[in-house]
Amino acid sequence: MIDNNLQGVFPLAHTLVFEISNNHGNVTYDYVQDHEVVASFDTPFTYTSDFPATILAYDSGTQQTILLPREAEA
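Computed from a prediction, not measured in an experiment: that's the story for all the values here.

About the thresholds
- Residues numbered from 1 in each chain as written.
- Predicted model: local features only at pLDDT ≥ 70, side-chain atom pairs only at ≥ 80, totals over all residues.
- Heavy atoms only, no water.
- Helix = DSSP H or I, 4+ residues; strand = E, 2+ residues; numbered from the N terminus.
- Buried < 20%, exposed > 50% of the residue type's maximum accessible area, 1.4 Å probe, protein only.

Observations regarding unusual backbone geometry
The general pattern is negative phi for most residues beyond glycine and trans for most peptide bonds.
Turning to step 1, where the next piece is worked out: Although it is not a glycine, His-24 adopts a positive phi angle of roughly 55 degrees.
Turning to step 2, where the next piece is worked out: Position of His-24 among the secondary structure elements: in the loop between β1 (15-23) and β2 (26-33).
Turning to step 3, where the next piece is worked out: Given the relative accessible area of 80%, His-24 is considered exposed.
Turning to step 4, where the next piece is worked out: If you check the backbone angles, Asp-34 has positive phi at about 50 degrees while not being a glycine.
Turning to step 5, where the next piece is worked out: Given the relative accessible area of 76%, Asp-34 is considered exposed.

Structure, rendered in structure tokens:
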């Protein structure tokens, strides 16, 4: 998602914020910058309330690591 949809389209920080939401029973990822939704990505994956509300992606420029917010604080 980052390489194909965001890189080169938006200026990216090293830590990217995605909010996960329920879109008619499927997962939607909202890319958030400065507390504002910049882009949304609908998926065919079934949403469940077990998913975290927010996930982070650390982008080193060559690799991405997915984190939960509490993992980034440690």
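Moving on from the model shown.
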